[in-house]
Amino acid sequence: MTSTATPSFPRRRESSDFEDMDTRLRGNDGAHSHVRGYDEQEAPSCLLRVSGLSHRFSTARDGRFAVQNASFSVAAGEVVAIVGESGSGKSTLLQCLAGRIQPSEGAVRYRDAQGEWLHVGTLSERQRRQLARTEWGYVEQHPADGLRMGVSAGANIGERLMGQGLRHYGQLRHTALDWMQRVELDVARVDDLPRAFSGGMRQRLQIARNLVTRPRLVLMDEPTSGLDVSVQAKLLDLIRLLVARMHLSALVVTHDLGVARLLAHRTLVMQGGRIVEQGLTDRVLDDPQHPYTQLLVSSVVAP
Ligand SMILES: Nc1ncnc2c1ncn2[C@@H]1O[C@H](COP(=O)(O)OP(=O)(O)O)[C@@H](O)[C@H]1O
Ligand SMILES: [Mg+2]
């Protein structure tokens, strides 16, 4: 089945689940206060809570924070876009969420499959790696950073399963072929190295490699940038379909408001390391409150 051949599939899930969260972001006069602490936005099914997160690279010459005082939460099944211009701190924020960067200040808490709240910053490297290959996914902007370029496509998909203890060769191969089909890669190329694949195909492979273990939370850093527009559109369609079908929570970093519009229930807008506005995607893009968001929206050429 192709991702485009399912017209009955909703464009996005209805945002009603997340509406009360947005309502709580409104002040008494109905105007949006741009940013609030996570306590005020927390949904019952909250999966990730970020509170007062700041990060300054020790090498930052001007002493500026790459991320400053970021607070938000993500609910189960919710897709959140992080938008903003280059250098606004999006990738740094994502890496802090994944525990790859220890933030200078603030906390990231994740509720695991057992319902336990974990402090990402205090996990041991072993625990963090374990979560990273089971409950979390991380789709890198450049597929070469997220793939093992020296092993076959099939082995790339099978690796996380093996990390979970699956050793049966026939099962690994069967699952790898199944996932190649799901991301619309030619199964005849299961033994090819990723370097023989085009950029769009590599990105599909990276997505299969991440989703094969059915993670609960997937972080994606500009997953479609750098691809031709037509390849981008098909890949976005695929991501939208998989995320909705698997009821994944996802954070998608993008500088493209169209990507946020297509994929995300909620959108955070970053400028100079700060989240200057957050809310339901349609509200943020159709009725932007912060001058920077207004500028971003107005600078998109109408299709
Ligand atoms: N590894 C690093 N060392 C020092 N500074 C960094 C590093 N990575 C990013 N920065 C700086 O942090 C700021 C935010 O960068 P980044 O998170 O990559 O932004 P974005 O992903 O929005 O383009 C920028 O000023 C960038 O130069
Ligand atoms: Mg970036």
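Attention here is on the structure that accompanies the text. Fair warning: this is a prediction, and the values are worked out from it, not measured in the lab.

Remarks on the site of ligand 1
Consideration 1: Looking at ligand 1, the residues that line it are Phe57, Thr59, Ala66, Glu85, Ser86, Gly87, Ser88, Gly89, Lys90, Ser91 and Thr92.
Consideration 2: Ser88 places a polar main-chain atom, nitrogen or oxygen, 3.2 Å from an oxygen atom of ligand 1.
Consideration 3: Within the contact set of ligand 1, an oxygen atom lies 2.5 Å away from a side-chain nitrogen or oxygen of Thr92.
Consideration 4: For ligand 1, whose accessible area on its own is 560 Å², the fraction buried by protein is 58%.
Consideration 5: In terms of residue class, the shell around ligand 1 is made up of two nonpolar, seven polar and two charged.

Details of the sheet that holds strand 4 (residues 105–111)
Consideration 1: Taken in spatial order, the four strands line up as 2-1-4-5 in an open sheet, and their pairing is antiparallel. Each edge of the sheet is formed by a strand with only one pairing partner; in this case those strands are strand 2 (67–75) and strand 5 (117–119). The average undirected angle you get between the axes of adjacent strands in this sheet is 15°.
Consideration 2: Judged from the five bridges that link them, strand 1 (residues 46–55) and strand 4 form a sheet pairing that is antiparallel. Paired with Leu48 across the bridge in strand 4 is Tyr110.

Some remarks on the packing of helix 7 (residues 199–211) against helix 8 (residues 229–245)
Consideration 1: Relative orientation of the contacting elements helix 7 and helix 8 amounts to 10°, with a least axis distance of 10 Å. Here helix 7 lies roughly parallel to helix 8, going by the angle between them. Between helix 7 and helix 8, the residues in contact are Gly200, Gln203, Arg204, Ile207 and Leu211 and Val231, Lys234, Leu235, Leu238, Ile239 and Leu242, respectively.
Consideration 2: For the contact of helix 7 with helix 8, the class distribution of residues is seven nonpolar, two polar and two charged.

As for helix 3 (residues 125–134)
Consideration 1: The complete set of buried residues in helix 3 reads Arg128, Leu131 and Thr134. All buried residues of helix 3 lie within an arc of 145° about the axis, which places them on one face of the element. Of the residues in helix 3, the exposed ones pointing more than 90 degrees away from the buried face are Arg126 and Arg129.
Consideration 2: Where the residues of helix 3 are buried, they touch strand 4, strand 5, strand 6 (136–139) and helix 5 (153–163).

Notes on the packing of aromatic side chains
Consideration 1: Following the criterion strictly, the structure yields one aromatic pair and no others.
Consideration 2: On the numbers, 5.4 Å between centres and 85° between planes, the contact of Tyr110 with Trp136 is edge-to-face. Highlighted residues: Tyr110 in strand 4 and Trp136 in strand 6, separated in sequence by 26 residues. Trp136 carries the same exposure label as Tyr110, and that label is buried.
Consideration 3: Sitting above the plane of the Trp117 ring, Arg49 keeps its charged end 4.3 Å from the centroid.
Consideration 4: The lysine or arginine in question, Arg100, covers the ring of Tyr138, its NZ or CZ lying 3.6 Å from the ring centre.

Considering the environment of Arg204
Consideration 1: Of note, Arg204 is situated in helix 7.
Consideration 2: Given a relative accessible area of 9%, Arg204 falls into the buried group.
Consideration 3: C-alpha of Arg204 to C-alpha of Pro143: the two residues are 61 residues apart in sequence and 8.9 Å apart in space.
Consideration 4: Once residues lying within four places of it in the same chain are set aside, the contact partners of Arg204 are Val183, Glu184, Leu185, Lys234, Leu235 and Leu238.
Consideration 5: Side-chain polar atoms of Arg204 contact the backbone oxygen of Val183, separated by 2.8 Å.

Some words on the sheet that holds strand 9 (residues 266–271)
Consideration 1: If you trace the six strands from one edge of the open sheet to the other, you get 6-7-8-3-9-10, paired in mixed fashion. Of all strands in the sheet, those bounded by a partner on one side alone are strand 6 and strand 10 (274–280). Neighbour-to-neighbour, the strand axes of the sheet open up by a mean angle of 15°, direction not taken into account.
Consideration 2: Pairing of strand 7 (residues 217–221) with strand 8 (residues 249–254) involves five bridges; the strand directions are parallel. By the bridge assignment for strand 8, Leu217 is matched with Ser249.
Consideration 3: Helix-sheet contacts for helix 11 (residues 291–298) involve strand 3 (79–83), strand 9 and strand 10, and the interaxial angle to strand 9 is about 105°.

Thoughts on the pattern of salt bridges
Consideration 1: One pass over the structure, following the stated rule, counts 16 salt bridges.
Consideration 2: Put simply, Arg64 and Asp62 hold a salt bridge, and the shortest N to O gap is 3.1 Å.
Consideration 3: You can call Arg64 exposed: its relative accessible area is 54%.
Consideration 4: For Asp62, a relative accessible area of 53% puts it in the exposed group.
Consideration 5: Arg129 is the partner of Glu125 in a salt bridge, and the nearest nitrogen-oxygen pair spans 3.1 Å. Taken together, the residues span about one helical turn, with Glu125 and Arg129 both in helix 3 at a distance of four residues.
Consideration 6: Each of Glu125, Arg128 and Arg129 takes part in salt bridges that share partners, so that together they form one network.

About the criteria used
- Residues numbered from 1 in each chain as written.
- Chains lettered and ligands numbered in written order.
- Predicted model: local features only at pLDDT ≥ 70, side-chain atom pairs only at ≥ 80, totals over all residues.
- Heavy atoms only, no water.
- Near = heavy atom within 4 Å.
- Polar contact = N/O pair within 3.5 Å; in protein donor to acceptor, adjacent residues only side chain to side chain.
- Areas by Shrake-Rupley, 256 points an atom, 1.4 Å probe, with all protein chains shown as cover.
- Nonpolar A, V, L, I, M, F, W, Y, C, P; charged D, E, K, R; others polar.
- Pairing = 2+ DSSP bridges.
- Helix = DSSP H or I, 4+ residues; strand = E, 2+ residues; numbered from the N terminus.
- Axes fitted to C-alpha atoms, helices over the stretch in contact; angles between N-to-C directions.
- Parallel < 35°, antiparallel > 145°, perpendicular 65-115°, else oblique.
- Contact = heavy atoms within 4.5 Å.
- Buried < 20%, exposed > 50% of the residue type's maximum accessible area, 1.4 Å probe, protein only.
- Arc of directions from axis to C-beta.
- Phe/Tyr/Trp six-rings, centres within 6.5 Å; stacked < 30°, edge-to-face > 60°.
- Lys NZ or Arg CZ within 6 Å of the ring centre and 35° of its normal.
- Salt bridge = Lys/Arg side-chain N within 4 Å of Asp/Glu carboxyl O.

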